[in-house]
Amino acid sequence: MLDDSEIERVLVMTAHPDDVDFGAAGTVSLWSAAGIEVTYCICTDGDAGGFDPAVDRADIPGIRREEQRAAAKAVGVEDVRFLGYPDGRLLSSIELRRDLSRVIRQVRPQRALIQSPDRNWARVGASHPDHLASGEAAMAAIYPDARNPFAHPELLRDEGLEDWAVAETWVMAHPDNNHHVDITDVFDTKMAALMAHESQTAHMDDLQDRLLQWYGANAAAAGLPDGRLAERFLVVSTA
Ligand SMILES: [Zn+2]
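So, here's what we can say about the structure. (Residues numbered from 1 in each chain as written. Predicted model: local features only at pLDDT ≥ 70, side-chain atom pairs only at ≥ 80, totals over all residues. Heavy atoms only, no water.)

Counted under the stated rule, the structure contains 18 salt bridges. Between E66 and R69 there is a salt bridge, with its nearest N and O atoms 2.7 Å apart. With E66 and R69 both in helix α2 (residues 60-74), this residue pair falls three residues apart, about one helical turn. Salt bridges here are not isolated pairs; linked through shared partners, they connect R98, D99, R102, E154 and E159. (Salt bridge = Lys/Arg side-chain N within 4 Å of Asp/Glu carboxyl O. Helix = DSSP H or I, 4+ residues; strand = E, 2+ residues; numbered from the N terminus.)

Take a look at the structure:
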């Protein structure tokens with residue numbers, strides 16, 4: 001596993017606004033604080049989300065982009081990119097693989113953070129079909145597409161984007177976690193990021209209690225003492 005000191009840039013690829021904040025905002029805030037530059041690439045605008053029927057559906061994409069930008073700012077992330085695919089209909093298509101490969105070649109990250117392409121049967125809610133599709137497409141973009149100069153040849157030919165190999169990949173919500181990050185000291189920062197997704201979280205009165213229970217269970221499973229909180233990942237070498 002790479003030490004954070006070896007990492008200059010991280011690229012996060014997810015399906016929806018708020019996915020990174022539920023899965024990894026604590027970890028991202030620690031990376032930002034360590035001087036690592038983090039970029040978010042969100043495949044959809046989350047336009048099938050929101051709970052308030054009084055909000056015009058046409059306004060949802062703009063609202064959710066703004067919420068994600070605010071949540072990113074809370075954890076020190078300024079570079080937030082949206083691919084604009086329709087929410088609820090995401091597929092690991094060649095087009096999505098190309099679009100993610102483009103961003104990988106633009107950002108040139110040493111580390112990627114993605115969603116799990118494998119369904120977690122113990123946490124079906126974390127395995128939304130869009131999450132599985134975004135995880136599969138991101139992994140295909142990491143290996144082999146972005147590093148193969150002959151894949152998506154238009155990226156090099158038309159945009160001058162050279163191949164790039166992401167050395168290490170962190171996977172959220174995977175059943176086979178092998179790494180944890182203690183986020184106890186940055187839990188308030190993570191809460192602030194989640195509360196920025198007002199259209200998703202404003203109606204959840206018990207959000208903080210649920211999160212304390214969830215990340216406390218993560219910490220316990222990782223062998224941390226009582227009262228600690230953790231985010232968990234599967235970390236794999238993709239060098
Ligand atoms: Zn999601």
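Anyway, onward from the coordinates.
Quick reminder: α-helices carry 3.6 residues per turn. Residues three or four places apart thus point the same way. If you check helix α8 (residues 207-221), its first and last C-alpha atoms are 21 Å apart, about what 15 residues at 1.5 Å a residue would give, namely 21 Å. Of all the positions in α8, only L207, L211, Y215, N218 and A219 are classed as buried. Down the axis of α8, the buried side of the element spans an arc of 95°, and every buried residue falls inside it. Structural note: α8 exposes D209, Q213, A220 and A221 on the side pointing more than 90 degrees away from its buried face. On the buried face of α8, the contacting elements are α1 (19-33), α6 (187-195), α7 (198-201) and β7 (230-237). (Expected span 1.5 Å × (residues − 1). Buried < 20%, exposed > 50% of the residue type's maximum accessible area, 1.4 Å probe, protein only. Arc of directions from axis to C-beta. Contact = heavy atoms within 4.5 Å.)

Moving on to the coordination of the zinc ion. Each donor-metal-donor angle would ideally measure 109.5 degrees in four-coordinate tetrahedral geometry, or 90 or 180 degrees in six-coordinate octahedral geometry. Distances from the zinc ion to its protein donors, H16 (ND1), D19 (OD) and H131 (NE2), fall within 2.0 to 2.1 Å. Donor residues binding the zinc ion come from one chain and are separated in sequence as H-x2-D-x111-H. Of the two residues, H16 and D19, neither departs from the other in class, the shared state being buried. (Donors = N, O, S within 2.8 Å, 3.2 Å for Na, K, Ca; no water.)

Interpretation in functional terms is not warranted from these geometric data alone.
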